[in-house]
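The residues making up each chain are set out below.
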Amino acid sequence: MALAIACGESSPSHFVFLRNLNRTLDSIKHNIAQIFLNVFYSRPCNDADARTHGNVGLLPSSFEEIIIKLGGNYQLSAEDFFSGKNDVSGEQDPHAAFNVLDAMLKESLDRLKSMRESISLAKMGFLGLTKEANCQEYFTIVRDLCLDGKLGTALYLRRKMMQKGVIPDVLTHNYILNGLCKIGDLEKADWLVRDMLELGPFPNCATYNTFIKGYCLINNLDKALYLFSTMTNSGIRPNRVTYNILVHALCKKGLLNDATKLLDNILCDRDDKKTPDLITSTILMDSYFKNGNMVQALGLWHDVVQMNSQVDVVAYNAVIHGLCLSGEIKLAYGYFSEMIKRGLSPDVFTYNTLISSLCKEGKFEEAFYIYNIMSRTGVAPDQISYKMIIQGLCIHGAVVRANELFLCMLEKSVMPDTHIWNLIIDCYGRYGDISQAFYIKDQMLACGVRPNVYTYNALIHAQVKGGNLTDAYSLKQEMLFSGLSPDVVTYSLLIGAACRSGYLRRAIHLYDEMLRMGYEPDMIIYTELIRGYCIMGNIKEAEELFGKMLESGLPIDHVPYKILIRKYCKIREPDMAFELYKKWLGSEK
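Residues numbered from 1 in each chain as written. Predicted model: local features only at pLDDT ≥ 70, side-chain atom pairs only at ≥ 80, totals over all residues. Heavy atoms only, no water.

## Structural notes on the overall build of the protein chain
Moving on, step 1. Along its length, the protein chain carries 32 helices and zero strands.
Moving on, step 2. The burial tally for the protein chain puts 43% of its 589 residues in the buried class.
Moving on, step 3. Here the analysis covers contacts within the protein chain between residues at least 6 apart in sequence; of these, 60% occur between residues at least 24 apart. (Helix = DSSP H or I, 4+ residues; strand = E, 2+ residues; numbered from the N terminus. Buried < 20%, exposed > 50% of the residue type's maximum accessible area, 1.4 Å probe, protein only. Contact = heavy atoms within 4.5 Å.)

## Looking at the packing of aromatic side chains
Moving on, step 1. All told, the structure shown has eleven aromatic pairs when counted by the stated rule.
Moving on, step 2. Summarising the aromatic geometry, the rings of Trp301 and Tyr316 are spaced 4.9 Å apart at their centres and angled 70° between planes, so their arrangement reads as edge-to-face. With Trp301 in helix 16 (residues 294-307) and Tyr316 in helix 17 (residues 313-325), the pair connects residues that are 15 residues apart, well separated along the chain.
Moving on, step 3. Residue Tyr316 is classed as buried on the basis of its relative accessible area of 0%.
Moving on, step 4. Of note, Arg506 hangs over the ring of Tyr473, and the distance from its end group to the ring centre comes to 5.1 Å. (Phe/Tyr/Trp six-rings, centres within 6.5 Å; stacked < 30°, edge-to-face > 60°. Lys NZ or Arg CZ within 6 Å of the ring centre and 35° of its normal.)

## A look at the confidence of the model for the protein chain
Moving on, step 1. Summing up the model confidence of the protein chain, the mean pLDDT is 77 and the portion of residues at 70 or higher is 72%.
Moving on, step 2. No element of the protein chain has a lower mean pLDDT than helix 1 (residues 2-6), which averages 39, and none a higher one than helix 25 (residues 453-465), which averages 94.
Moving on, step 3. Residue range residues 116-130 is modelled with pLDDT below 50. Its contacts to residues more than four positions away, or to other chains, number 19 contacts. (pLDDT = per-residue confidence, 0-100.)

## Some remarks on the side chain of Glu513
Moving on, step 1. Note that Glu513 resides in helix 28 (residues 504-516).
Moving on, step 2. Residue Glu513 is classed as buried on the basis of its relative accessible area of 13%.
Moving on, step 3. When neighbours within four sequence positions are excluded, Glu513 is seen to be in contact with Lys476 and Tyr491.

## Notes on the nonpolar core
Nonpolar side chains tend toward joint burial in soluble globular proteins.
Moving on, step 1. Residues Ile390, Ile495, Ile530 and Leu564 are the most contacted members of the largest nonpolar core, which totals 106 residues.
Moving on, step 2. Apart from residues no more than four positions distant in its own chain, Ile390 is found in contact with Ala402, Leu405, Phe406, Met409, Ile420, Leu423 and Ile424.
Moving on, step 3. One finds Phe139, Tyr208, Leu227 and Phe228 within the second-largest nonpolar core, a separate group that totals 38 residues. (Core = buried A, V, L, I, M, F, W, Y, C linked by side-chain atoms within 4.5 Å.)

## Let's talk about the packing of helix 10 (residues 186-199) against helix 11 (residues 205-217)
Moving on, step 1. Helix 11 packs onto helix 10 with a crossing angle of 160° between their chain directions and a minimal axis gap of 11 Å. With respect to their mutual orientation, helix 10 and helix 11 come out roughly antiparallel. As helix 10 runs across helix 11, the sense of the crossing is left-handed. Side by side, helix 10 and helix 11 meet where Leu186, Ala189, Asp190, Val193, Met196 and Leu197 of the first sit next to Thr207, Tyr208, Phe211, Gly214 and Tyr215 of the second.
Moving on, step 2. When its residues are assigned to classes, the contact of helix 10 with helix 11 shows eight nonpolar, two polar and one charged. (Axes fitted to C-alpha atoms, helices over the stretch in contact; angles between N-to-C directions. Parallel < 35°, antiparallel > 145°, perpendicular 65-115°, else oblique. Left-handed = near helix turned anticlockwise from the far one by under 90°. Nonpolar A, V, L, I, M, F, W, Y, C, P; charged D, E, K, R; others polar.)

## Focus: helix 29 (residues 523-535)
Moving on, step 1. Here helix 29 spans 18 Å end to end across 13 residues, near enough to the 18 Å set by a 1.5 Å rise per residue.
Moving on, step 2. Within the span of helix 29, buried status applies to Ile525, Tyr526, Thr527, Glu528, Leu529, Ile530, Gly532, Tyr533 and Cys534.
Moving on, step 3. Where helix 29 is buried, its residues touch helix 27 (488-500), helix 28, helix 30 (539-551) and helix 31 (559-570).
Moving on, step 4. Positive phi shows up at Gly537, right after helix 29, with a value of about 80°. (Expected span 1.5 Å × (residues − 1).)

## Here's the deal with helix 24 (residues 434-446)
Moving on, step 1. Look at helix 24: 19 Å from first C-alpha to last across 13 residues, which is about the 18 Å you get at 1.5 Å a residue.
Moving on, step 2. Listed in full, the buried residues belonging to helix 24 are Ala437, Ile440, Lys441, Gln443 and Met444. Buried residues along helix 24 cover an arc of 160° about the axis, so they all sit on one side. Facing away from the buried side of helix 24 by more than 90 degrees, the exposed set consists of Ser435 and Ala446. (Arc of directions from axis to C-beta.)

## As for the environment of Ile389
Moving on, step 1. Looking at the element boundaries, Ile389 is found in helix 21 (residues 383-395).
Moving on, step 2. For the pair Ile389 and Cys359, spaced 30 residues apart in the sequence, the C-alpha separation amounts to 6.4 Å.
Moving on, step 3. Apart from the residues lying within four places of it in its own chain, the contact partners of Ile389 are Ile355, Cys359, Phe364, Phe368, Tyr371 and Leu405.

## Here's the deal with the environment of Ile340
Moving on, step 1. Tracing the sequence through the fold places Ile340 in helix 18 (residues 329-341).
Moving on, step 2. We classify Ile340 as partly exposed; its relative accessible area is 45%.
Moving on, step 3. Residues Ile340 and Val313, 27 residues apart in the sequence, show an inter-C-alpha distance of 9.9 Å.

## Topic: unusual backbone geometry
Moving on, step 1. Cis geometry marks the peptide bond from Gly200 to Pro201; its omega dihedral reads -10°.
Moving on, step 2. Its place among the elements puts Pro201 in the loop between helix 10 and helix 11.

## As for a nonpolar patch on the surface
Moving on, step 1. Judged by side-chain polarity, Phe578, Tyr581 and Leu585 come together as a nonpolar surface patch covering roughly 280 Å² of accessible area.
Moving on, step 2. Turning to its location among the elements, Tyr581 is positioned in helix 32 (residues 574-587).
Moving on, step 3. The exposure class assigned to Tyr581 is partly exposed, which follows from its relative accessible area of 36%. (Patch = residues over 30% accessible without salt bridge, like charges linked within 9 Å, V, L, I, M, F, W, Y side chains within 5 Å. Areas by Shrake-Rupley, 256 points an atom, 1.4 Å probe, with all protein chains shown as cover. Salt bridge = Lys/Arg side-chain N within 4 Å of Asp/Glu carboxyl O.)

## With respect to the pattern of salt bridges
Moving on, step 1. On inspection of all chains with the given rule, the structure shows 13 salt bridges.
Moving on, step 2. The residue Arg401 makes a salt bridge to Glu365 at a minimum N-O spacing of 2.8 Å. Separated by 36 residues along the polypeptide, Arg401 in helix 22 (residues 399-411) and Glu365 in helix 20 (residues 364-376) bring together distant segments of the chain.
Moving on, step 3. Assessed through its relative accessible area of 54%, Glu365 is described here as exposed.
Moving on, step 4. The salt bridge involving Glu478 is made with Lys441; its shortest N-O contact spans 2.8 Å. Here Glu478, found in helix 26 (residues 469-481), pairs with Lys441, found in helix 24; they are 37 residues apart in sequence, far enough to count as distant.
Moving on, step 5. Classification of Glu478 by relative accessible area gives partly exposed; the value is 29%.
Moving on, step 6. With relative accessibility at 6%, the residue Lys441 sits in the buried group.
Moving on, step 7. Where salt bridges share partners, they join Arg500, Glu528 and Arg531 into one cluster.

This is the structure:
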């Protein structure tokens, strides 16, 4: 009900009043229609007609009194307007009639407008909008609208309140500002802040923090720093949140020196200047690691540990992740042990960081050891944990072991995402077990996971590798029936297979189809077609396609040069081969 009132709807008692207004409008429309009859048929409207149409007694007596008080009797007689308006023939002047109608409508609408304004004022007085309790209800509605993402309605309600002299508090404005910044509408957010500065309430630190973060999210660091300067010049003291937002933005841009200066400002603003801010230090330390400054990162960590006993899991995760990025897995183990000694429990991110680093180095036994510790300590492995180990095993060809872990996922009711299914299918396909690859695809469908383009590309690659070009082409048709569009990789696999098998006409057909679908050929497709033309002895077509390849601006490796040079030598054109060889040498400079 409160939202209905806020949006301009009336309470039930007002519906009776508005219904009576509608009846008034109906009566006016009837009178106008009667005037038209008088104009065009020269029939005056008598009282009998009025009674026949039910105009008498249409309104309650109380409502008629209100009408009289607000503007007098609304009914007008046609005879009053047409007196003295006859022409030479004694007929009434239609133009004069329409002028009278205009005047009558305008007067009636003006009176209704006055009535509506009077009712609105009375209603606002009845609702007591200026009361503090009701204001808070309106503010709550605006905040709820912002949380629901209905910013247009929230701004409309704010405007209506301000028109009634009620200015929402700074917290309500901050909700609106936060919503605008989240959707990236910084232009409207800027207007709102300027409106606050002009009409009130004055922005506070949270307002500027929200606004600064909004510009940082769209990578407009200059505007964010300008707002920071404006904030301090206005006498509003930045807090830790302000500094953390800016430090994170500066680190993201690689401006570590400026971020370090901001950290110094935080220390200067604290009463206990020896205690660094943990959140800001963690952000800065993570950036040092990502930029390869391991010494500076560990130096900052040493300061944090020495002066702050409240080191948390997030800070340790930043150190362990940074050391793993630097290839210092043994040192990362050391901080992992120190973390446990401090009584901090590693989370899934900690374990995933170590597992990822070990899999990249091919140390799968150690990765499984960390995986087992993770399970025993009650930290459930997530999709990322399984994905990293399975991907590492597939890269190294350990498809049987990867499949065992994959089945373990299913047994623990952890449904693998599409990427994990594709990894297993691709690995079986690459190592020649086509039947098992298709069995995994059938399992995938049975579990309700829909294959994507990468699934089909893996299966097509398996069929092409097995020499089953017809089956590979059928998979492309199956993709289309499933609502999936082949991509450049699909066409590259099929065109290459067709060219190597001597089916040049089919390869050209696929190439034309790819162009019609809006795809641009890559270097592999150009190379395979050039190879196909050379196999079939169509050297001119091969040269033309090679020219298109050069014009496309794609990076070209040595393969197409070698194919053409070998073909020139075979057809005894050494001069052409030597010219192309010189061009090849020139392209590598």
